[in-house]
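What the coordinates show
Here is what each chain is made of, one letter per residue.
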Amino acid sequence: MKPILVAHFSKKLGDFSLNVNLELGKEVLVLFGPSGSGKTSILRCISGLLTPDQGLIELNGQVLFSSDGKRVKANVPVHLRQIGFVFQDYALFPHMTVAQNILYGCKDRKKGKELLSILMEKMRLKGLEGHYPHQLSGGQKQRVAIARALMAEPKLLLLDEPFSALDRPVRRKLQSDLLRLQEELAIPVVLVTHDLEDAFAMGHKLAVVNDGRIEQIGEKEEVFRHPRTRAVARFTGARNILEGKVVGKDEGAVHIEWMGLVLEAPTQEATVGSDVVFCIRPEDVMIVRPDRPVREGIKENLLTGVIVREIHRGNHYSLFFKATSVETGRDYDFEISIPVHAYWRLDLKVGKEVMVSLKKSALHIIPEP
Amino acid sequence: MDLSPLFLSLKVAFVATILTAVTGLGFAILMAKARFPGKSLVEALLTLPLALPPSSVGYYLLVIMGRNGPLGWLGWLFTWKAAVLASWIVALPLMFRTAKAALESVDISLEMVARTLGKPPWRAFVDVTLPLASRGILAGVILSFARALGEFGATLMVAGNIPGKTRTIPLAIYTATQINRMDIASFWVIVTAALAYAFILAVNKLQEK
């Protein structure tokens, strides 16, 4: 499929430089990364509110920006780009009512009235037409901002931290509404967030942004499961990042020596004899039930140790597990994520000795640590 | 009693305020939006009349409008039109600074959003920033009117103190005290104080949100 949005550009911002390479179809791309990593500036460059130093930006085959660094060959002004932009603080016009705000970008008055009532319905804003922004809740403001952007019939929608100021139930509802809307409109959406849960919930594609650079971009699952760099592994919550040495490789597995143990990882790019950095997500560390014989399939990479700390996180527990190597006497802390029901069934508590299995299929060697 | 100073003062202040409002807002927009070399120098120049003694503003106007000056051909010296020019120059910094502050207080992202919604920059400015800054701009207009109404030094130098022609209220107060007519002086003092007080109340009302 030919991409709808093509953006390859760079820009210097003070002592910070932005380097972007991305292509996107009719899907949701989440730009995920820590605050100050340049996510908002990427959106501004695409929308034209900031001018890149050089590069190429194309939407539906139309060149929006093109420069070789010396001469700007094309730079379509913001108002002709047809790119919707929802700002982090909503930026509603305070002197206009909800209806006036939404209709502001409307090109055809007659059609606008119809579209207005559809959008009011879809964005759950019915009855608020005559309200002013200061009379709305945060969630309502965000919905008005999104409806206003959609009224202008954008070819691409950019959302800057759309959920950051909303509480959880409001956030969930808006997320599902947005995903539904995106499907109906069939336009590409680029969404910025620094929240891992939002990134999980919203994206088809995920780009991890760090220091103005896209560290990795790909299908969401792929980026979560197979981070290419240590920073990506860290930002996406891999938590357990370990260092070992490849000691063997065969048909079915790569063998990694770690703390005197030999772990099995799925076949992947690795040179025997080389030092490697690998990771495993906390939800892929399984606690083996002591009252049952170890089942086939989860007896991979067994470790014993003690639970040293626990944090109750609502629907799951984060357990900190100290594994001690019999051979070397060194120990290592693992983070384990376990659903609350499993925590109770296994009768876990701090100080308890347990056996864990590092799921083989989830052991991933980071190619560019 | 001769009430001509009141009507003359209102006429001069009214015309001067229109002039000040238009030019002051124009400069405010330019300074708030445009970027060009030497901007800070221009900005300082626009504020200068606020810090200068009005008599030196009067001096410059006298030079410009004098018989050999570049605007001498107008023949405005010692007419009410010269008083208008004096009031205009003296009130301009107030209008300029108040309007600029009002424009700059409007969140810049509102204009950005308007542009992403398909409006060219000038349209975004007219639809969004201008209405949101309107109270501040109006406050500037009222301040300018108050300042124009009280203008004395520069007016005295370029318009003189001709009864019925260029004698505005401040000049009438001055003249009355010179000839020891404290009853006339105090009458005009009360009139100006009442006017000024009303304007300040109006400005405060506009600037509270």
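For the structure, check the block above.
The sections below set out a description of the structure shown in this document. (Residues numbered from 1 in each chain as written. Chains lettered and ligands numbered in written order. Predicted model: local features only at pLDDT ≥ 70, side-chain atom pairs only at ≥ 80, totals over all residues. Heavy atoms only, no water.)

1. Some thoughts on the overall build of chain A
- Helix and strand content of chain A: nine helices and 21 strands.
- Reported as C-alpha extents along the three principal axes, the dimensions of chain A are approximately 75 × 50 × 35 Å.
- Out of the 369 residues belonging to chain A, those deemed buried represent 52%.
- The long-range share in chain A, meaning contacts at least 24 apart out of those at least 6 apart in sequence, stands at 64%.
- In the form shown here, chain A has an accessible surface area of approximately 17400 Å², with 50% of it arising from carbon and sulfur atoms.
- For chain A, the centre of its 51 positive side-chain charges and the centre of its 46 negative side-chain charges are spaced 6 Å apart. (Helix = DSSP H or I, 4+ residues; strand = E, 2+ residues; numbered from the N terminus. Buried < 20%, exposed > 50% of the residue type's maximum accessible area, 1.4 Å probe, protein only. Contact = heavy atoms within 4.5 Å. Areas by Shrake-Rupley, 256 points an atom, 1.4 Å probe, with all protein chains shown as cover. Lys, Arg positive; Asp, Glu negative; His and termini not counted. Charge placed at Lys NZ, Arg CZ, Asp CG, Glu CD.)

2. Considering the overall build of chain B
- Each helix and strand counted, chain B has nine helices and zero strands in total.
- Each helix (α) and strand (β) of chain B, taken in turn from the N terminus, gives the series α-α-α-α-α-α-α-α-α.
- Along the three orthogonal principal directions, the C-alpha set of chain B runs to about 65 × 40 × 25 Å.
- Expressed as a percentage of its 209 residues, the buried residues of chain B come to 43%.
- With an accessible surface of roughly 10600 Å², chain B has 70% of that area assigned to carbon and sulfur atoms.
- Taking the average place of the 18 positive charges on the side chains of chain B and the average place of its 9 negative ones, the gap between the two points comes to 6 Å.

3. Concerning the sheet that holds strand β13 (residues 254-258) of chain A
Residue and element names in this part refer to chain A.
- Taken together, five strands build an open sheet; the order of strands is β14-β13-β12-β15-β21 and the sheet is antiparallel. The two strands at the open ends of the sheet, each matched to only one other strand, are β14 (261-265) and β21 (364-365).
- Pairing of strand β15 (residues 275-280) with β21 involves two bridges; the strand directions are antiparallel. In the sheet register, C279 faces β21, and the bridge partner there is H364. (Pairing = 2+ DSSP bridges.)

4. A word on the interface of chain B and chain A
- Taken together, the contacts link 19 residues of chain B with 19 residues of chain A.
- Summing both sides of the interface, chain B and chain A together bury roughly 1600 Å²; the carbon and sulfur share of this comes to 71%.
- One can count zero salt bridges joining chain B with chain A.
- Our count for the chain B to chain A interface comes out at three residue pairs in polar contact (both at pLDDT 80 or more).
- Here the side of chain B that touches chain A is built from residues that sort into 11 nonpolar, three polar and five charged. (Buried area = accessible area lost by both parts, 1.4 Å probe. Salt bridge = Lys/Arg side-chain N within 4 Å of Asp/Glu carboxyl O. Polar contact = N/O pair within 3.5 Å; in protein donor to acceptor, adjacent residues only side chain to side chain. Nonpolar A, V, L, I, M, F, W, Y, C, P; charged D, E, K, R; others polar.)

5. Some points on helix α8 (residues 169-178) of chain B
Residues and elements named next belong to chain B.
- α8 sits mainly inside the fold: seven of its 10 residues count as buried.
- For α8, every residue scored as buried is listed here: I169, P170, L171, A172, I173, T175 and A176.
- Buried residues belonging to α8 abut α1 (4-33), α6 (121-149), α7 (153-159) and α9 (182-207).

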